[in-house]
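# Coordinate inspection notes
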Amino acid sequence: SRRVTVRDLAAAKRRGERWPMLTAYDALTARVFDEAGIPVLLVGDSAANVVYGYDTTVPVTMDELVPLTAAVARSTQRALVVADLPFGSYQGSPQQALEAASRFMKEGRAQAVKLEGGHTVAHQVELLVSAGIPVMGHVGLTPQSVNTLGGYRVQGRGEAAADLLKDAKELERAGAFSLVLECVPSELAAEVTEQLSIPTIGIGAGPSTDAQVLVWQDMAGLSPKVAKFVKAYANLNETLREAASSFADDVVQGAFPEERHSYTA
Ligand code: KIV
Ligand code: NA
């Protein structure tokens with residue numbers, strides 16, 4: 001069975017079908033999500049936080065993200081694999097963006113890339129698309145700009161709504177195949193979704209976007225501290241903590257390993 005393509009996602013929008021997206025950063029979880037039928041997997045630069053332990057996405061590099069992308073691509077058969085371009089790898093020029101995106105496509109085997117920003121990255125989007133690289137946009141709360149935004153806060157309220165809608169239209173015009181809307185009022189996300197012909201993917205953007213995305217560790221209840229927009233569908237934090245302490249107890253008490261876990265001479 002072939003991989004999901006950007007054409008499939010365009011068709012889903014025409015048919016009014018909603019779809020889920022999750023992040024993935026390693027072989028085993030990517031495989032689980034692929035087998036669960038998640039059509040799009042994002043190797044997010046949120047790896048900065050959930051894999052590498054940085055407090056923002058600003059420090060993470062291509063050298064850190066490309067191998068994770070390759071792991072996800074190798075371990076999946078059906079999902080469209082999208083790679084986030086990290087801070088500093090694309091803002092400089094369209095040519096810089098093409099070099100970065102090419103690395104994620106060639107070494108990481110991604111089928112698309114994502115970058116943050118509105119009209120300021122339109123030329124980057126145009127060049128990548130003309131080079132044959134599908135681009136997912138990302139507006140609203142763009143974590144790579146946390147230092148200019150002054151924190152992680154809702155975007156596009158009041159007068160800022162019109163600018164966000166303009167940015168969204170500009171990204172569509174530049175050729176983006178889809179657009180992440182992060183942390184924006186539901187009404188604005190609904191308006192953008194209606195006005196664009198490409199799918200919108202919401203995170204903290206209410207129920208009206210064409211798709212929804214969550215960081216998988218948030219979705220599965222592994223992350224210790226999450227935003228209001230997260231719903232935890234499992235409690236992996238507790239499950240793993242209990243497993244680790246049971247293992248620890250068994251080792252201390254000599255209850256593990258048993259004979260069935262051991263080899264004879
Ligand atoms: O890096 C990430 O995980 C993301 C999604 C939350 C959209 O950009
Ligand atoms: Na990201």
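Residues numbered from 1 in each chain as written. Chains lettered and ligands numbered in written order. Predicted model: local features only at pLDDT ≥ 70, side-chain atom pairs only at ≥ 80, totals over all residues.

Successive side chains on a regular strand alternate, one facing one side of the sheet and the next facing the other. Of all the six residues making up strand β5 (residues 135-140), six are buried; the element is thus mostly covered by neighbouring parts of the structure. Alternating residues of β5 divide into Val135, Gly137 and Val139 and Met136, His138 and Gly140, and every residue in both groups is buried. In terms of strand pairing, strand β4 (residues 112-114) meets β5 through two bridges, oriented parallel. If you follow valine 113 over to β5, its bridge partner there is valine 135. Taken together, β4, helix α6 (residues 122-130) and β5 constitute a β-α-β crossover, and its handedness is right-handed. As judged from the five bridges shared by β5 and strand β6 (residues 178-182), these two strands associate in the parallel manner. Among the inter-strand pairings, glycine 137 is bridged to a residue of β6, identified as leucine 179. (Buried ≥ 20, exposed ≤ 12 C-beta atoms within 10 Å, placed from the backbone. Helix = DSSP H or I, 4+ residues; strand = E, 2+ residues; numbered from the N terminus. Pairing = 2+ DSSP bridges. Right-handed = clockwise from strand over helix to strand, strands pointing away.)

The full set of residues close to ligand 1 is Thr23, Leu42, Gly44, Asp45, Ser46, Asp84, Val180, Ile203, Val213 and Val215. Of the residues belonging to the shell around ligand 1, the class tally is five nonpolar, three polar and two charged. (Near = placed C-beta within 6 Å. Nonpolar A, V, L, I, M, F, W, Y, C, P; charged D, E, K, R; others polar.)

Sheet strands associate in pairs through backbone hydrogen bonding, adopting either a parallel or an antiparallel arrangement. The eight strands are arranged β1-β2-β3-β4-β5-β6-β7-β8 in a closed barrel whose pairing can be described as parallel. If you compare each strand with its neighbour and ignore which way they point, the axes differ by 25° on average. (Axes fitted to C-alpha atoms, helices over the stretch in contact; angles between N-to-C directions.)

Burial of strand β2 (residues 40-43) is two-sided: the residues Val40 and Leu42 facing one way and the residues Leu41 and Val43 facing the other way are all buried. Two strands pair when backbone bridges link them, and strand β1 (residues 19-23) and β2 are joined in this way by three bridges, in the parallel orientation. Bridging from a neighbouring strand, methionine 21 pairs with valine 40 of β2. Regarding topology, helix α2 (residues 27-35) serves as the crossover connection from β1 to the parallel β2, and that connection is right-handed. One ladder, built from four bridges, connects β2 with strand β3 (residues 80-84); its direction is parallel.

As a further point, take the environment of glycine 140. Looking at the secondary structure, you find glycine 140 in strand β5. For the pair glycine 140 and valine 184, spaced 44 residues apart in sequence, the C-alpha to C-alpha distance is 6.0 Å. Setting aside anything within four residues of it in sequence, one finds glycine 140 in contact with Gln155, Gly156, Leu164, Leu181, Glu182, Cys183, Val184 and Ala205. (Contact = placed C-beta atoms within 7 Å.)

Another point: the UniProt feature "binding site: Mg(2+)" (unreviewed entry) in the protein chain. Those residues carrying the UniProt feature "binding site: Mg(2+)" (unreviewed entry) are Asp45, Asp84 and Glu116 in this numbering. A stretch of 72 residues holds the annotated residues, and the largest C-alpha distance among them is 10.7 Å, short enough that they meet in one place. Topologically, glutamate 116 is positioned in the loop between β4 and α6. By the C-beta count within 10 Å, which is 25 here, glutamate 116 ends up buried. (UniProt positions renumbered as here; feature names shortened; annotations may be inferred.)

Attention now moves to the UniProt feature "binding site: 3-methyl-2-oxobutanoate" (unreviewed entry) in the protein chain. UniProt feature "binding site: 3-methyl-2-oxobutanoate" (unreviewed entry): in the numbering of this structure it lies at Asp45, Ser46, Asp84 and Lys114. In summary, the annotated positions, though distributed over 70 residues, converge in three dimensions, the widest C-alpha pair being only 12.3 Å. Along the chain, aspartate 84 turns up in strand β3. Ignoring any residue separated from it by four or fewer positions in sequence, one finds aspartate 84 in contact with Leu42, Val43, Gly44, Asp45, Leu65 and Lys114. Relative to the helices and strands, lysine 114 is located in strand β4. In this view, lysine 114 contacts Leu42, Val82, Asp84, Leu85, Met136, His138 and Val180; residues no more than four positions away in its chain are not counted.

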